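Listed below, chain by chain, are the residues.
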Amino acid sequence: MSSSAAEPGSEPSGDLSTMAPQLRALRRRASLTLEAAARAAGLSPAHLSRLETGQRQPSLPMLLALARVYGTTVSELLGETVADRDAVVRAAGMEPTAAGGWTYWQAGAPGRGMQALRVHVPHGSQGDIVRVHPGEEWLYVLKGRLRLRLGDATHRLGPGDSAHFDSLTPHRIAAEDQDGVDLLFVHTLLQSPTAALCLGPATHLTGETP
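Residues numbered from 1 in each chain as written. Predicted model: local features only at pLDDT ≥ 70, side-chain atom pairs only at ≥ 80, totals over all residues. Heavy atoms only, no water.

Looking at helix α1 (residues 19-29), one finds that the buried residues are M19, A20, L23, L26 and R27. All buried residues of α1 lie within an arc of 135° about the axis, which places them on one face of the element. In α1, the exposed positions angled more than 90 degrees off the buried face are occupied by R28 and R29. The positive-phi residue at the C-terminal boundary of α1 is S31, with phi of around 60°. (Buried < 20%, exposed > 50% of the residue type's maximum accessible area, 1.4 Å probe, protein only. Helix = DSSP H or I, 4+ residues; strand = E, 2+ residues; numbered from the N terminus. Arc of directions from axis to C-beta.)

Rendered as structure tokens:
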């Protein structure tokens with residue numbers, strides 16, 4: 001699997017003044033070199049360097065990978081802070097964030113052992129990327145239809161359907177409908193510097209076309 005496969009989905013952005021230095025600070029806090037962090041996250045050192053200098057915008061899978069590697073949350077990677085870790089998250093406090101074509105809302109408090117998100121996946125967005133990483137994932141379809149690939153099996157889920165699986169099983173998700181699909185998504189946040197999210201085209205890993 002080539003680490004460079006994860007890079008084309010990123011786009012330059014001019015509003016990363018907070019995220020870029022935060023990525024660098026969290027890497028240093030984890031006592032990881034640029035090369036070690038990039039390898040653990042399935043990126044090239046050059047690409048991670050561009051993320052840390054604000055020259056590229058990370059996709060949501062990249063943010064999840066880096067969060068696992070650094071033992072933190074996507075919220076902290078984005079420089080978001082919460083005064084008190086309340087048990088209740090109000091709808092008015094959920095600010096949308098765009099990453100790699102996806103839009104997501106934090107649906108849980110930071111600093112927990114699990115991370116909860118509400119996610120909108122557009123049609124055709126990263127449908128050819130396979131993910132493999134330690135932990136567990138649970139998703140619930142709110143609206144639209146989802147195509148979920150788990151290992152060699154393909155599942156089609158509609159509103160009200162859910163899936164709970166071991167994240168070491170190669171998996172990928174894609175929206176079946178042109179309007180995309182809305183999900184509730186929960187994943188375990190492993191506090192391990194060796195945890196990695198491997199990204200690559202499905203044709204490289206499974207021999208299957210999207």
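Moving on: the packing of α1 against helix α4 (residues 60-70). In contact at an axis separation of 9 Å, α1 and α4 are set at 30° when each is read in the N-to-C sense. Classed by the angle they form, the pair α1 and α4 counts as roughly parallel. Contact residues: M19, L23, L26, R27 and R29 in α1; L63, L66 and Y70 in α4. Looking at side-chain class alone, the contact of α1 with α4 contains six nonpolar, no polar and two charged residues. (Axes fitted to C-alpha atoms, helices over the stretch in contact; angles between N-to-C directions. Parallel < 35°, antiparallel > 145°, perpendicular 65-115°, else oblique. Contact = heavy atoms within 4.5 Å. Nonpolar A, V, L, I, M, F, W, Y, C, P; charged D, E, K, R; others polar.)

To continue, consider unusual backbone geometry. A positive phi is found at S31, a non-glycine position, where the angle reads about 60°. Considering the arrangement of structural elements, one finds S31 in the loop between α1 and α2 (34-41).

Attention shifts here to the nonpolar core. Grouped together as the largest cluster of nonpolar side chains are 44 residues, with contacts concentrated most on L48, Y70, Y104 and L146. Here this core gets nine residues from one element, more than from any other, and that element is α4. Excluding its chain neighbours within four sequence positions, the residues that come into contact with Y104 are L60, L63, V74, L78, E95, P96, T97, A99, L117, R118 and V119. (Core = buried A, V, L, I, M, F, W, Y, C linked by side-chain atoms within 4.5 Å.)

To continue, consider the confidence of the model for the chain. Within the chain, residue pLDDT values average 76, and 74% of them lie at 70 or more. Per-element confidence in the chain ranges from a low mean pLDDT of 35 for strand β11 (residues 198-201) to a high of 96 for strand β7 (residues 153-157). Here residues 1-15 scores under 50 on pLDDT; set against residues more than four positions off or in separate chains, the count is 32 contacts. Every residue in residues 190-210 scores below 50 in pLDDT, and together they form 67 contacts with partners more than four places removed in sequence or on other chains. (pLDDT = per-residue confidence, 0-100.)

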